[in-house]
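# Analysis of the macromolecular model
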Amino acid sequence: MNKELKNEVPKHVAIIMDGNGRWAKKRHLPRIAGHKKGMEIIKNITKAANRLGIKVLTVYAFSTENWQRSQEEVSYLMKLPIIFFNSFVPELIKENVRVNIMGYVNQLPNDTQKAISAAIQQTSRCDGMILNIALNYGGHDELVTAFKLMATDLQKGKLTIDQIDQNLVSDYLMTHELKPYDNPELMIRTSGEQRISNFLLWQLAYSEFMFTDTYWPDFTAEEFYELIHAYQKRDRRFGKIKDE
Ligand code: IPE
Ligand code: IPE
Ligand code: MG
């Protein structure tokens, strides 16, 4: 690992972990074999990100659109958090990493919800990096929920129209708990697809995007470091013109 990366690492990195199915297909394996291998990669990248000094690592694990897959695949994807936390929570505690879940958790099966609550509770004292798992998350629904909450607060007189500004809107989003690191500086998508697939619509407004052809189960800490290094060379202007 390149220690020089340490000072200017992005604080919040978000990853669309894509390509599990194609990775499995290439090996004549069922799609779920790709998800199983993919889960192991989350562990590697969590440790790599933590060691770099990243504050928040958000991983997109299941979208609000992914319910449309076969029942077999969906039910395996719902079991994966249970398997993941069972095998990984002790290491997360050792690494001082806190688990946060972003998404409509109450729509998940009961045993999945239980595993999630346990992992959140067991890592609640960890004050290092946050592993933020987007599970049953969708950017459109996140905004709809935020508008409804805001409208309710307006109706109750808890909020006035004049108070609505960018900062207040961000307080109504699922990422508000991650403040001051709620907006990722860097978004990575694996598998060669170049779209955001309903991920963090508001929060990605000024993020740098990196796309790699690597399927998620083949993604390594080394490639992750390379992408962080490439990020450090990007010129982030935020609409301004830089002086010479
Ligand atoms: C990403 O891999 C994981 C989830 C969306 C749950 P995919 O399952 O989308 O893999 P591909 O895109 O079909 O290869
Ligand atoms: C995005 O991947 C969602 C996750 C990685 C969880 P998808 O594979 O579902 O996205 P599309 O269908 O290719 O846009
Ligand atoms: Mg996909």
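The structure displayed is predicted, hence computed values, not measured ones. Residue positions are counted from 1 within each chain, in the order its sequence is given. Lettering for chains starts from A, numbering for ligands starts from 1, and both go in the order in which the items are written. Given that the model is predicted, a residue must reach a pLDDT of at least 70 before its local features are reported, and side-chain atom pairs must reach 80 or more before they are shown or counted; all residues, however, enter totals for whole chains, interfaces and linings. Processing note: side-chain calculations cover all non-hydrogen atoms of the structure and skip hydrogens and water entirely.

### Overview of the sheet that holds strand β2 (residues 56-63)
Put simply, the rule reads: For two strands to be treated as a pair, DSSP must find at least two bridges joining them. Numbered from the N terminus, helices here are DSSP runs of H or I no shorter than four residues, and strands are runs of E no shorter than two. Axis definition: a line fitted to C-alpha atoms, limited for helices to the stretch in contact. Angles are taken between N-to-C directions and run from 0 to 180 degrees.
One open sheet accounts for 6 strands, arranged β3-β4-β2-β1-β5-β6; its pairing is parallel. The outermost strands of the open sheet, each flanked by one partner alone, are β3 (98-102) and β6 (208-211). When the angles between neighbouring strand axes are averaged without regard to direction, this sheet yields 20 degrees. Taken together, the 5 bridges between β3 and strand β4 (residues 130-137) define a ladder with parallel strand orientation. Among the inter-strand pairings, Ile-101 is bridged to a residue of β4, identified as Ile-133.

### Some thoughts on the UniProt feature "binding site: Mg(2+)" (unreviewed entry) in the chain
This is how the line gets drawn: UniProt positions are given in the numbering used here, feature names are shortened, and annotations may be inferred rather than shown by experiment. Every definition here rests on a 1 Å grid over the protein atoms only: cavities are sets of points where a 1.4 Å probe fits but cannot get out, pockets are open sets enclosed by protein on both sides within 12 Å along at least five of seven lines, and lining residues have some atom within 4 Å of a point. Contacts are residue-level and defined by heavy atoms, with any inter-residue pair within 4.5 Å sufficient. What qualifies as a polar contact is a pair of N or O atoms within 3.5 Å, subject to a donor-acceptor requirement within protein and to the restriction that residues adjacent in sequence count only when both atoms come from side chains.
Summarizing the sequence annotation, UniProt attributes the feature "binding site: Mg(2+)" (unreviewed entry) to Asp-18 and Glu-208 in the numbering used throughout. Taken from the residues named earlier, the lining of the largest pocket is made up of Asp-18. Counting through the fold element by element, Asp-18 comes out in the loop between β1 (12-16) and α1 (20-26). Apart from residues lying up to four places away in sequence, Asp-18 is in contact with Arg-189, Thr-190, Ser-191, Glu-193, Thr-214, Tyr-215 and Trp-216. Side-chain polar atoms of Asp-18 contact the side chain of Arg-22, separated by 3.4 Å.

### Brief notes about the layout of surface pockets
Convention followed: Grid points are joined across faces, edges and corners, and a volume is the space filled by probe spheres set on the points. For this classification, Asp, Glu, Lys and Arg are treated as charged, while Ala, Val, Leu, Ile, Met, Phe, Trp, Tyr, Cys and Pro are nonpolar and the rest, including Gly, are polar.
Here the largest pocket defines a volume of roughly 670 Å³. If you trace the largest pocket, you find 30 residues lining it, with Met-17, Asn-20, Tyr-60, Ala-61 and Asn-66 closest to the centre. Looking at the lining of the largest pocket, the elements with two or more residues in it are α1, α2 (31-52), β2, α3 (71-94) and β4. Classifying every residue of the lining of the largest pocket by side-chain character gives 15 nonpolar, 8 polar and 7 charged. Taken as a whole, the second largest pocket holds about 240 Å³ of empty space. The wall of the second largest pocket is formed by 14 residues, among which Asn-183, Trp-202, Gln-203, Ala-205 and Tyr-206 lie closest to the centre. Looking at the lining of the second largest pocket, its residues break down into 5 nonpolar, 6 polar and 3 charged.

### What to know about the pattern of salt bridges
Condition: Note on definitions: salt bridges are taken to be side-chain nitrogens of Lys or Arg within 4 Å of carboxyl oxygens of Asp or Glu. When accessible area is computed with a 1.4 Å probe and restricted to protein chains, residues below 20% of their type maximum are described as buried, those above 50% as exposed, and intermediate ones as partly exposed.
As enumerated under the stated definition, the model contains 14 salt bridges in all. Note that Arg-189 is salt-bridged to Asp-18, the shortest N-O span being 2.8 Å. Taken together, the residues span a long stretch of sequence, with Arg-189 in strand β5 (residues 186-189) and Asp-18 in the loop between β1 and α1 at a distance of 171 residues. Just as Arg-189 is buried, Asp-18 falls in that class too. When the shortest N-O distance is used, the salt bridge between Arg-236 and Glu-208 registers 3.6 Å. Linking Arg-236 in the segment after α7 (221-232) with Glu-208 in strand β6, this pair joins segments that are 28 residues apart in sequence. Relative accessible area serves as the criterion here: at 14%, Glu-208 is assigned to the buried category.

### So, the site of ligand 1
Cut-off, in case you're wondering: Nearness of a residue to a molecule or strand requires only that one of the residue's heavy atoms be within 4 Å of it. Each accessible area value is a Shrake-Rupley result obtained with a 1.4 Å probe; residue values ignore everything except the protein chains displayed when judging cover.
Around ligand 1 sit 13 residues in total, of which Asp-18, Gly-21, Arg-22, Arg-31 and Arg-69 are the nearest. At 3.1 Å from an oxygen atom of ligand 1 is found a main-chain nitrogen or oxygen belonging to Asn-20. When the free accessible area of ligand 1 is taken as 380 Å², the share hidden by the protein chains comes to 87%. Counting residues per element, the ones that place at least two in the shell around ligand 1 are α1, α2 and α3. It is α1 that provides the largest number of residues to the shell around ligand 1, a total of 3 residues. Class assignment for the residues of the shell around ligand 1 results in 3 nonpolar, 5 polar and 5 charged.

### As for the site of ligand 2
What counts, and what does not: By definition, a pocket or cavity contains a molecule when more than half of the molecule's atoms lie within 2 Å of the pocket's grid points.
Inspection of the region around ligand 2 gives Ile-16, Met-17, Asp-18, Tyr-60, Ala-61, Phe-62, Ser-63, Asn-66, Arg-69, Arg-189, Arg-195 and Ser-197 as its neighbouring residues. A distance of 3.2 Å separates an oxygen atom of ligand 2 from a polar side-chain atom of Arg-69. The separation between an oxygen atom of ligand 2 and a polar side-chain atom of Arg-189 is 3.3 Å. Starting from 390 Å² of accessible surface for ligand 2 in isolation, the protein chains cover 78%. Under a 2 Å grid-point criterion requiring more than half of the atoms, the pocket assigned to ligand 2 is the largest pocket. For the shell around ligand 2, the element with the most residues is β2, which contributes 4 residues.

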